[in-house]
Amino acid sequence: MTETQGPAHKRNMTRRKVVIAGGAAVAAVGVGGGIAMTASADEVTTGSAAAASSAETCYTLTSETTEGPYYIDADKLRQDITEDQEGIPLTLKLKVIDAETCKPVRNAAVDIWHCTALGVYSGYEAMSNGGGGGAPSGGPTDAPSGIPSGTPTGEPPSGGPSGGTGGGHSEPTDDERYLRGTWKTDKHGYVTFRTVFPGWYQGRCVHIHVKVHVDGTWTDAGYEGGHTCHTGQLFFDEKAVLASAEVSPYSTNTTTRTTLDEDTIYPDNGHEGGLLYLSYSKKHIAKGVHAHLTMGVAPDETHDSTDTQPNASASAS
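Read on for a plain summary of the structure. Since we're looking at a predicted model, the values are computed, not measured.

## Focus: the pattern of salt bridges
Okay, so step 1: For the coordinates displayed, the defined rule picks out 5 salt bridges.
Okay, so step 2: As a salt-bridge pair, Glu83 and Arg78 come within 2.9 Å of each other at their nearest N and O atoms.
Okay, so step 3: Between Arg194 and Asp80 there is a salt bridge, with the nearest N and O atoms lying 4.0 Å from each other. Here Asp80 lies in the loop between α5 (56-59) and β2 (89-98) and Arg194 lies in strand β5 (residues 190-196), a separation of 114 residues in the sequence.
Okay, so step 4: Here Arg194 falls in the partly exposed class, since its relative accessible area comes to 40%.

Next up, the structure:
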């Protein structure tokens with residue numbers, strides 16, 4: 001996977017497609033319009049339905065970003081990844097489309113994983129520093145090597161970011177797998193997860209990691225073969241994060257928070273870069289948040305970790 005948005009020639013190549021309003025563009029947003037229409041007067045909906053329904057969502061590739069050090073290969077096939085974690089309920093609905101043709105990508109395996117309200121990743125609890133909300137020890141932060149992202153709290157874990165590309169993998173320290181899961185896109189390219197609103201840890205803004213795998217086979221044992229066509233991150237606007245910080249247990253997280261603008265991974269290009277559309281009650285965010293996004297991917301390319309150039313061949317991951 002690339003850790004930054006693909007080069008300009010790749011993005012421009014996909015702009016050959018012209019989508020007629022009322023056709024694939026409308027199909028691409030689906031749930032966006034539904035959420036906008038059902039929002040009540042005291043509800044906040046970030047991102048406009050008009051923008052979501054534009055042809056732009058059909059021919060712009062969603063930015064590739066670093067995988068980060070805490071990925072664990074798909075071993076939990078489920079839509080509800082919450083387990084016993086406390087936090088604001090979050091329903092995340094994603095649509096995966098081919099950025100070249102605007103057609104839905106069916107039967108893709110979508111992975112998501114993120115930290116708890118207090119900044120801890122399952123599988124890596126031993127790397128928590130135990131203070132200020134449990135930020136990962138050593139400040140791996142998913143950030144590219146050489147870019148300041150906060151004051152380290154100790155020695156980096158083995159396998160942390162190195163080599164100038166960021167996202168070096170760390171081996172799991174335990175068998176916990178909360179807030180992780182994989183599920184299949186339907187015939188319209190949609191996949192829905194139930195989880196909790198993520199918290200934060202040192203050096204990173206609030207985010208969710210995501211991968212899209214294609215050309216594999218679904219078996220009783222899970223998803224096998226194929227390749228990873230997208231590795232990215234999903235982001236939350238500051239208004240929602242500030243609202244969540246008033247709610248327990250987020251309010252007990254004393255780790256200094258990195259804002260969206262300060263984050264070194266967010267591409268700063270809005271929804272194309274993974275910024276989610278959010279819908280929630282501004283007075284009662286604790287009741288839950290709905291998030292959605294259409295992701296444009298290149299199914300024939302491979303972006304499986306921290307690669308910096310697109311690979312047009314479909315190699316196995």
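## Re the sheet that holds strand β6 (residues 207-214)
Okay, so step 1: Ordered in space as β4-β3-β6-β9, the 4 strands form an open sheet in which the pairing is antiparallel. Each of the sheet's edge strands pairs with one partner strand only, and the pair in question is β4 (180-184) and β9 (227-235). Geometrically, the sheet is characterised by an average inter-axis angle of 20° between neighbouring strands, direction not taken into account.
Okay, so step 2: Across 5 bridges, the pairing between strand β3 (residues 109-113) and β6 is antiparallel.

## A closer look at unusual backbone geometry
Okay, so step 1: Here the bond from Ser248 into Pro249 is cis, since omega is 5°, no more than 30 degrees from zero.
Okay, so step 2: Tracing the chain through its elements places Pro249 in the loop between α6 (238-244) and β10 (277-281).
Okay, so step 3: Of note in this structure, Leu179 is not a glycine but carries a positive phi near 60°.
Okay, so step 4: Looking at the element boundaries, Leu179 is found in the loop between β3 and β4.
Okay, so step 5: Accessibility expressed as a relative area gives 0% for Leu179, which makes it buried.
Okay, so step 6: At Asp268, a position not held by glycine, the phi torsion is positive, near 60°.
Okay, so step 7: Within the element layout of this structure, Asp268 appears in the loop between α6 and β10.

## A few points about the side chain of His213
Okay, so step 1: Mapped onto the fold, His213 is located in strand β6.
Okay, so step 2: A distance of 2.9 Å separates the side chain of His213 from the side chain of Thr228, its partner in a polar contact.

## As for the packing of aromatic side chains
When we look at a pair of aromatic rings, we describe it by the centre distance and by the angle of the planes.
Okay, so step 1: Applying the stated criterion across every chain yields a total of 8 aromatic pairs.
Okay, so step 2: Aromatic side chains Tyr121 and Tyr201 sit 5.5 Å apart centroid to centroid with 70° between the ring planes, which places their arrangement in the edge-to-face category. Separated by 80 residues along the polypeptide, Tyr121 in the loop between β3 and β4 and Tyr201 in the loop between β5 and β6 bring together distant segments of the chain.
Okay, so step 3: On the accessibility criterion, Tyr121 (2% relative accessible area) is buried.
Okay, so step 4: Three or more aromatic residues joined by ring pairs make a cluster, and in this case those are Tyr70, Tyr121, Tyr124 and Tyr201.

## Comments concerning the nonpolar core
Okay, so step 1: Core analysis: the biggest nonpolar cluster contains 43 residues, and Leu94, Val110, Phe197, Leu234 and Phe236 have the highest contact counts within it.
Okay, so step 2: Every element with two or more residues in this core is listed here: β2, β3, β5, β6, β9, α6, β10 and β11 (289-297).
Okay, so step 3: Looking at this core, the element that brings in the most residues is β11, giving 5 residues.
Okay, so step 4: Sequence-distant contacts of Phe197, defined by excluding residues within four places in its chain, comprise Ile88, Leu90, Val206, Phe236, Ala240, Val241, Ser244, Tyr250 and Val289.
Okay, so step 5: In this structure, Tyr70, Tyr71, Tyr121 and Tyr201 belong to the second largest nonpolar core, which totals 9 residues.

Reading the values: the criteria
Residue numbers here run from 1 along each chain, matching the order of that chain's written sequence. For this predicted model, a pLDDT threshold of at least 70 governs which residues receive local features, and a threshold of 80 or more governs which side-chain atom pairs are given and counted, while totals over whole chains, interfaces and linings are taken from all residues. Just so you know, side-chain values use all the structure's heavy atoms and leave hydrogens and water out. Here, a salt bridge means any Lys or Arg side-chain nitrogen found within 4 Å of an Asp or Glu carboxyl oxygen. Here a helix means four or more residues in a row that DSSP labels H or I, a strand means two or more in a row labelled E, and each is numbered from the N terminus. Think of it in three bands: residues with accessible area under 20% of the maximum for their type are buried, residues over 50% are exposed, and the middle band is partly exposed, with areas taken using a 1.4 Å probe on protein chains only. Paired strands are those between which DSSP finds at least two bridges. Where helices are involved, their axes are fitted lines through C-alpha atoms of the stretch in contact, as for all axes, and angles between N-to-C directions lie from 0 to 180°. Each polar contact in these results corresponds to two N or O atoms within 3.5 Å; when the atoms are within protein, one needs to be able to donate a hydrogen and the other to accept it, and residues that are neighboring in sequence are counted only if both atoms are side-chain atoms. Centre distance within 6.5 Å is the pairing criterion for rings of Phe, Tyr and Trp, where only the six-membered ring of Trp is used; planes under 30 degrees apart are then read as stacked, over 60 as edge-to-face, and the remainder as tilted. The criterion is simple. A nonpolar core is a set of buried Ala, Val, Leu, Ile, Met, Phe, Trp, Tyr and Cys residues joined through side-chain atoms within 4.5 Å. In what follows, a contact means two residues having at least one pair of non-hydrogen atoms within 4.5 Å.

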